[in-house]
2 protein chains.
Amino acid sequence: MATLPLCLKPNLPDRDIDLHSTPTLKDVAEAAGVATTTVARVINDKGYVAEDTRERVMKAVEATGYRVNSLARTLKSNRSNVIGHLLRSTDPNPFFVKVARGVEEYARGRSYTTLTYNMQGAAEAERRGIDTFLNWRVDALVFSTPVSEDNVAYAVKSGVPVVQVERPRSEAGHRITVKNYQGASRAMRHLLDLGHRSIAYIGEEPGSQGNAFADYVEEERFGAYRDAKKNHGAFDEALVRFTRPQSAEHIPGAGYGARAMSSILDAGTKVTAVLASSDMIAAGVLQAVHASGLRSPEDVSVIGFDDTLSPYLSPLLTTVRLPAQKLGETAAKLLIDQLEKPGSKANKLIELDAEFVVRDSTAPV
Amino acid sequence: MATLPLCLKPNLPDRDIDLHSTPTLKDVAEAAGVATTTVARVINDKGYVAEDTRERVMKAVEATGYRVNSLARTLKSNRSNVIGHLLRSTDPNPFFVKVARGVEEYARGRSYTTLTYNMQGAAEAERRGIDTFLNWRVDALVFSTPVSEDNVAYAVKSGVPVVQVERPRSEAGHRITVKNYQGASRAMRHLLDLGHRSIAYIGEEPGSQGNAFADYVEEERFGAYRDAKKNHGAFDEALVRFTRPQSAEHIPGAGYGARAMSSILDAGTKVTAVLASSDMIAAGVLQAVHASGLRSPEDVSVIGFDDTLSPYLSPLLTTVRLPAQKLGETAAKLLIDQLEKPGSKANKLIELDAEFVVRDSTAPV
DNA sequence: TTGTAGGCGTTATCAA
DNA sequence: TTGATAACGCCTACAA
């Protein structure tokens, strides 16, 4: 027997209870002594309704406890006013939580609802999420960020507007990215200005995603580091530590940062500053510094990336802030704009600035 | 003119595009040369279908790119297999993100979808979220955690199963809580065993929520502290710092913890250990310790609550772990159990154990 | 083993 | 200014 394609949701279990015996338009209409059409006109504030009729209908709405059935409405109108948000992961790295907040708040402002699906970095879960959303007829889809290029293509093919946020994996749909090179360059300039020359880099290995678009992020961050070091005649591989994520689900965390920093410290190489490619890694760097009895920033300056954990660390972490919330807002805006004026482009590319935030973890040599 | 009650979603904007011209059962039926009934039987794997007919239908499904319309299905069956999750906030405190993950994963395992609505601590947003979910005919509602007792009552009244997680505000629906007294007691025992007697407490002021149920959490945490200190003849108000959240949206954070700890340090009171009522507050305590040139745990032992930030701090924070994921899983389980066996109780109260996690921020005096 | 027909709650068209 | 009626896509008796 052939198996069901993913886009067919497993059948609903048989059940006998009727939970939602919510009154319908018809009930309200009867209570008000009018036709359902009239009630609909009142509720949607559309078309002509006599003032006293309106009052009567509103009373009936109250009396019956009527509530709209968005399912029926969407079935009929083909528009759900819902945006589906596919989140790569929310835990442990809270970055995408901030993106989600941006999407939600912007969408709400334009009377869209946002629904969120957490894929925990797994391509199959991502696929299930896309299918769930499409089965529910969401109007548009946000990937923050996509796991699989194929999945993005699959979503685009379905015809809904799509946007890839922060780390796109293809040219499909809209894309919103961050100027990572610029951000990392500013961080390096800051360290160089403070007199640092022995600056280490700890991050993901560029190219480890196996996708040219997605890899661009780490390439830019490391590239800015390397360029800055070269310009000061001091690029030294002994001060670089790369990790390679085991799988899409795995995000390099504090443990990795701590081990990498310890290995640099143990090697005895001179190091007065560290650029980490995420706040989580930077948190680990600070742990290693602390564990070795040193202090930041007195002994080692540390800079992170993202601005997620930075306000909670000791010392408060200087970091390259990714505009997470704005990323989300922009994604929602692009999508809703496209939905509301049909002719518009479906392939915009937007690059947002990173902001450099100086806190307490950097100081002169 | 009367205004629309909240439960009537604002009307959809007029639009002319038809985004989802997805094939329907009818299209598949035509392609396969059978009736829609037969296609439905194949898709739902229900009733008798000849093997070759099934094959033919499956081919037609593939060929047409058919996908189920969950809206129509739910409209008909009155069951959406969707759980609505109302999240108090996700940022900055990532605690509820973990709860959300628990709900999602458990629900998915029983083929329910979870939709999430972020209310950012605002009662009106919570109300909007409830209405949105009910308008979409979700099968059940999770509050993690509710902002307004009235809103919970409103949700329960609608007839959907409801659960309040971690900090209930009433006896309505199911409730899942954590044994905070037990958790805080273990933390105190740990500190006492290490020889600490000058132990400070920094947290929210018990009673500041203005709701007996919600206030119970902070009362238990502080109560365990006070009882332990009294049992060792050493309760001293000079070592206690309370904050009172300005509003429901506001969560005491690292800034508060840092200020409170500094004030204790500045006062010159002897303090060798601190129990903080959240990891975020504890993060601030560590910042103050670091800023004053002291070290943890050598000079001050620190214990947090939640196990959210603890793995990222320097030193790694000893903490009372709230079983966030399990809280979510249990919530989903309760709800789905109730949905699937109608007769069952709608008012269960479950108390989960807190787990005490010893890391690096505590040491003998 | 397969098909016909009616209805879920809403909106849109067309009359009245 | 209001009302009847026909879809939207699916499910499910009931019939064949």
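Residues numbered from 1 in each chain as written. Chains lettered and ligands numbered in written order. Predicted model: local features only at pLDDT ≥ 70, side-chain atom pairs only at ≥ 80, totals over all residues. Heavy atoms only, no water.

Engineer: Would you mind showing me how to read the domain arrangement of chain A here?
Structural biologist: Taken domain by domain, chain A holds domain 1 (6–68), domain 2 (78–178 + 325–352) and domain 3 (180–322). Using C-alpha coordinates to define each centre, domain 1 of chain A is positioned 32 Å away from domain 2 of chain A. (Domains from an automatic or database assignment.)

Engineer: Help me understand helix α10 (residues 254–267) of chain B in this model?
Structural biologist: All names here are of chain B. For α10, which comprises 14 residues, the first-to-last C-alpha distance of 20 Å matches the rise-based estimate of 20 Å (1.5 Å per residue) to within 8%. Listed in full, the buried residues belonging to α10 are A254, Y256, G257, A258, A260, M261 and I264. Looking at the buried side of α10, the elements it contacts are β6 (199–204), β7 (240–243), β8 (273–276) and α11 (279–291). Where α10 ends, the next residue or the one after it, G268, has phi of about 80°, a positive value. (Helix = DSSP H or I, 4+ residues; strand = E, 2+ residues; numbered from the N terminus. Expected span 1.5 Å × (residues − 1). Buried < 20%, exposed > 50% of the residue type's maximum accessible area, 1.4 Å probe, protein only. Contact = heavy atoms within 4.5 Å.)

Engineer: For this particular structure, what's the right way to read the protein's contact with DNA strand D?
Structural biologist: If you check the shell around DNA strand D, you find 21 residues, and the closest are T38(A), T53(A), L25(B), Y66(B) and R73(B). Of all DNA strand D atoms lying within 4 Å of any protein atom, the proportion belonging to sugar or phosphate reaches 60%. Here a phosphate oxygen of DNA strand D sits 2.7 Å away from a polar atom, N or O, in the main chain of A50(A). At 2.5 Å, a side-chain N or O of Y66(B) approaches a phosphate oxygen of DNA strand D. (Near = heavy atom within 4 Å. Polar contact = N/O pair within 3.5 Å; in protein donor to acceptor, adjacent residues only side chain to side chain.)

Engineer: Just to check I follow, could you spell out the nonpolar core for this structure?
Structural biologist: For soluble globular proteins, nonpolar side chains are generally found buried alongside one another. Counting 138 residues, the largest nonpolar core has I202(A), Y225(A), M261(A), I202(B), Y225(B) and M261(B) as the members making the most contacts within it. Excluding residues within four positions of it along the chain, M261(B) makes contact with I202(B), V271(B), V274(B), V285(B), A288(B), V289(B) and V300(B). Listed in part, the 43 residues of the second largest apolar core include M119(A), L141(A), L141(B) and V162(B). (Core = buried A, V, L, I, M, F, W, Y, C linked by side-chain atoms within 4.5 Å.)

Engineer: What should I look at first to understand the sheet that holds β6(B) in this one?
Structural biologist: Hydrogen bonding along the main chain pairs the strands of a sheet, whether they run parallel or antiparallel. All names here are of chain B. Read from one edge of the open sheet, 6 strands run β7-β6-β8-β9-β10-β12, paired in mixed fashion. Bordering the open sheet on either side are β7 and β12 (355–357), each of which pairs with just one other strand. The average angle at which neighbouring strand axes cross in this sheet is 15°, direction not considered. Here β6 runs beside β7; their pairing, made up of 4 bridges, is parallel. Looking at the pairing, G203 lines up with F242 of β7. Across the face of the sheet, helix α8 (residues 180–193) comes into contact with β6, β8, β9 (301–306), β10 (318–321) and β12 while running at roughly 165° to β9. Across the sheet, helix α9 (residues 212–231) lies against β6, β7, β8 and β9, angled at about 165° from β6, the strand it touches most. (Pairing = 2+ DSSP bridges. Axes fitted to C-alpha atoms, helices over the stretch in contact; angles between N-to-C directions.)

Engineer: What am I meant to see in the confidence of the model for chain A here?
Structural biologist: In this model, chain A carries an average pLDDT of 92, and 94% of its residues clear a pLDDT of 70 or more. Here residues 9–20 of chain A scores under 50 on pLDDT; set against residues more than four positions off or in separate chains, the count is 38 contacts. (pLDDT = per-residue confidence, 0-100.)

Engineer: For this particular structure, what's the right way to read the relation of the copies chain A and chain B?
Structural biologist: Put simply, the two copies of the chain differ by a rotation about an axis and a shift along that axis. Each copy superposes on the other: chain A lies on chain B with an RMSD of 0.1 Å after a rotation of 180° and an axial shift of 0.0 Å. Interpreted geometrically, this transformation is the action of a two-fold axis. Same-surface contact between copies: 99% of interface residues of chain A are shared with the interface of chain B. (Least-squares fit on C-alpha atoms with pLDDT ≥ 70 in both.)

Engineer: Where do I start with the interface of chain A and chain B in this structure?
Structural biologist: Many structure descriptions define interface size as the accessible area lost when the parts assemble. At the junction of the two partners, chain A supplies 97 residues and chain B supplies 97 residues. Across the chain A/chain B interface, buried area totals approximately 9000 Å², and carbon plus sulfur atoms make up 56% of it. Counting the contacts that link chain A with chain B gives 6 salt bridges. At the junction of chain A with chain B, the criterion picks out 28 residue pairs in polar contact (both at pLDDT 80 or more). Going through the elements one at a time, α2 (36–44), α3 (51–64), α4 (70–77), α5 (95–109), β2 (113–118), α6 (123–135), α11 (279–291) and α12 (324–340) of chain A are the ones with two or more residues in the side of chain A that touches chain B. For the side of chain A that touches chain B, the element with the highest residue contribution is α4(A), accounting for 7 residues. The residue makeup of the side of chain A that touches chain B, split by class, is 44 nonpolar, 27 polar and 26 charged. (Buried area = accessible area lost by both parts, 1.4 Å probe. Salt bridge = Lys/Arg side-chain N within 4 Å of Asp/Glu carboxyl O. Nonpolar A, V, L, I, M, F, W, Y, C, P; charged D, E, K, R; others polar.)

Engineer: Teacher, can you tell me more about the protein's contact with DNA strand C here?
Structural biologist: Near DNA strand C, the surroundings consist of 23 residues, among which L25(A), Y66(A), R73(A), T37(B) and T53(B) are the closest. Put simply, 59% of the atoms of DNA strand C that lie within 4 Å of the protein are in sugar or phosphate. Backbone polar atom of N69(A) to a phosphate oxygen of DNA strand C: 3.3 Å apart, as the coordinates give it. In the environment of DNA strand C, a phosphate oxygen lies 2.3 Å from a nitrogen or oxygen atom belonging to the side chain of T53(B). Within the residue set of the surface near DNA strand C, elements represented by two or more residues are α2 and α4 of chain A together with α2 (36–44) and α4 (70–77) of chain B. Split by residue class, the surface near DNA strand C holds 11 nonpolar, 7 polar and 5 charged.

Engineer: Teacher, can you tell me more about the packing of helix α5 (residues 95–109) of chain B against helix α12 (residues 324–340) of chain B here?
Structural biologist: Geometrically, a packed helix pair is captured by the angle between its two axes and the distance between the axes. Residue and element names in this part refer to chain B. Running from amino to carboxyl end, α5 crosses α12 at an angle of 40°, the nearest separation of the two axes being 6 Å. Taken as axis vectors, α5 and α12 run oblique relative to one another. Where α5 crosses over α12, the handedness of that crossing is right-handed. Here F95, K98, V99, R101, G102, V103, E105, Y106 and A107 of α5 lie close against α12, whose contacting residues are A324, Q325, L327, G328, E329, A332, K333 and I336. Here the contact of α5 with α12 is composed, by residue class, of 9 nonpolar, 3 polar and 5 charged. (Parallel < 35°, antiparallel > 145°, perpendicular 65-115°, else oblique. Left-handed = near helix turned anticlockwise from the far one by under 90°.)

Engineer: What exactly am I supposed to notice about the pairing of strand β8 (residues 273–276) of chain A here?
Structural biologist: In the case of a regular strand, side chains alternate between the two sheet surfaces. Residue and element names in this part refer to chain A. Where burial is concerned, the two faces of β8 agree: the one with A273 and L275 and the one with V274 and A276 are both buried. Relative to β8, strand β6 (residues 199–204) is paired through 4 bridges, and the arrangement is parallel. Of the residues in β8, the one forming a bridge with I202 is A276. Pairing between β8 and strand β9 (residues 301–306): 3 bridges, direction parallel. Looking at the pairing, V274 lines up with V302 of β9.

Engineer: Any chance you could explain the environment of V42(A) here in plain terms?
Structural biologist: All names here are of chain A. Positionally, V42 belongs in helix α2. On the basis of relative accessibility, which here comes to 2%, the residue V42 falls in the buried class. The residues contacting V42, other than those within four sequence positions of it, are V49, R54, V57 and M58.

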